[in-house]
Structure formats: structure tokens, C-alpha cells
Amino acid sequence: MTHRLNKDYFRSRDALFLAEDLLGNFLVRRYENGKISKFRIVETEAYLGTDDLASHASKGRTKRTEIMFEEGGVIYAYLIYGMHWLLNIVTGPKNHPEAVLIRGVENCIGPGRVGKLIGLDRTFYGENLETSSRIWIEKGDITGKIISSPRIGVDYAGEIWKNKLWRFESK
DNA sequence: CAGAAGATCGGG
DNA sequence: CCGATCTTCTGC
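Parameters and conventions
- Residues numbered from 1 in each chain as written.
- Chains lettered and ligands numbered in written order.
- Predicted model: local features only at pLDDT ≥ 70, side-chain atom pairs only at ≥ 80, totals over all residues.
- Heavy atoms only, no water.
- Near = heavy atom within 4 Å.
- Polar contact = N/O pair within 3.5 Å; in protein donor to acceptor, adjacent residues only side chain to side chain.
- Nonpolar A, V, L, I, M, F, W, Y, C, P; charged D, E, K, R; others polar.
- Buried < 20%, exposed > 50% of the residue type's maximum accessible area, 1.4 Å probe, protein only.
- Helix = DSSP H or I, 4+ residues; strand = E, 2+ residues; numbered from the N terminus.
- Pairing = 2+ DSSP bridges.
- Core = buried A, V, L, I, M, F, W, Y, C linked by side-chain atoms within 4.5 Å.
- Contact = heavy atoms within 4.5 Å.

Engineer: Mind showing me how you'd approach the protein's contact with DNA strand C here?
Structural biologist: Taken together, Lys59, Thr62, Arg64, Leu79, Tyr81, Gly82 and Met83 make up the full set of residues adjacent to DNA strand C. Here DNA strand C approaches the protein such that, of its atoms within 4 Å, sugar and phosphate make up 60%. Within the side chain of Thr62, an N or O atom sits 3.2 Å from a phosphate oxygen of DNA strand C. Contact between DNA strand C and Tyr81: a base oxygen at 2.2 Å from a main-chain N or O atom of the residue. Looking at the surface near DNA strand C residue by residue, the classes come out as three nonpolar, two polar and two charged.

Engineer: Honestly, the pairing of strand E5 (residues 98-105) in this entry has me stumped. Any pointers?
Structural biologist: Look at any regular strand and the pattern is simple: side chains alternate between the two faces of the sheet. With eight of eight residues buried, E5 is to be regarded as a mostly interior element. In this structure, strand E2 (residues 36-48) lies alongside E5, joined through seven bridges in antiparallel fashion. Residue pairing for E5: Ala46 is matched across the bridge by Val100. Where strand E4 (residues 84-90) and E5 come together, three bridges link them in antiparallel fashion. Residue pairing across strands places Ile89 opposite Val100, the latter belonging to E5.

Engineer: Can you help me understand the nonpolar core in this one?
Structural biologist: Buried together is how nonpolar side chains tend to be arranged in soluble globular proteins. Core analysis: the biggest nonpolar cluster contains 48 residues, and Phe10, Leu22, Leu27, Ile102, Ile118 and Ile137 have the highest contact counts within it. Secondary-structure elements contributing two or more residues to this core are helix H1 (7-11), helix H2 (15-21), E2, strand E3 (75-80), E4, E5 and strand E7 (135-138). Once residues lying within four places of it in the same chain are set aside, the contact partners of Ile137 are His3, Arg4, Leu5, Phe10, Leu22, Asn25, Phe26, Leu27, Ile41, Ile89 and Leu129.

This is how it looks when you write it as C-alpha cells:
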């Protein structure tokens, strides 16, 4: 028996809460050939609102970031360094730009690796996690303890934001 | 319109 | 430590 997390789950809490709460849940991918794979989420980061200078949403509403302003429960996928697709889950209510970056799943650490693992590309931008037939999140149990630390690769965001302990790992 | 930098990764 | 590789944003 499995339990697919619905839109209410993603829109009713902020990215900071959900980044930690998503640990232990399963990222589920149904590939074109029908094969279904489930990956336990073990590392995440929260990007919160327009003030957070590490968040793309701090640039304002653009064609790239507009999905972050939508109601939680959809995917924000984007290409970084010309070769890595990163998976983000939009959270919170509409017009409240937040997202959780999936940095690692069991046996596969690194946001670019996760994107490659599940075959992420631009067509996943805006995908609805409640209704999609190819990607969704299922309830799982947390194992071990959770540690938090500064987010990776955001030194450009300034002292306030780069030092936020908004990266979460289940050990 | 040109140039720089990026929520990264793998190889040497 | 450096190159890959391309989108996005900034400045002139």
C-alpha cells in the first residue's frame, strides 16, 4: 500500500518545513517503458521567498521563475551549467515563491545526478506531482537522524543567506 | 548585443 | 583544479 502525496501536502507548508519533511519519502518515476522506480529522498535544500538572495525567485517573476509563484505541488526544473537538470518541488500557496531542491536520493547524491537518474528535462517544468503519470512522491518513513547545514554553491548570496542552515540530510 | 556566471560533475 | 556546455541575466 502506498500513499501518493497530494497538492494539499505541498501547498499547506513552507519550503523550510517541507525540505525536512520530504526526507524519507519516495521520489517515484514511471519511465516510458512502464518500469517504475522508487528512490528514497535523503538530501534537500529550501529556497524561500523573494528575499532569499540564493533563490532564483529573488530576481523577481521571470519566464524561468514564474512556476515558483504557482501553488505548491508542481515541478520547477531548470538546466544549470549547460548540462545538469535540477529537480525542485514548488511549495506553499500561490504567489509565495518557494521550492525544495532534491539534492540526493539513496545511493545517488548530487542534484545533477538525481536529474540524470530520473531522466529529467525541460518537459517536466510545471509537471503536477498530484496528477502526473510519470513522476510523483510517495509517503515513506524517515530512518536515522536529520542534520542541517548551509546550502551548497550559494556563496554569491551574501552573509545572511549563504549561512542559513537550509540544507537537510537524513543520516 | 556581448559577456559573465551559474542551486554541478567527472576527470587528471 | 579545470573544462564542459547552454541558459539567463546584466551592462553598455
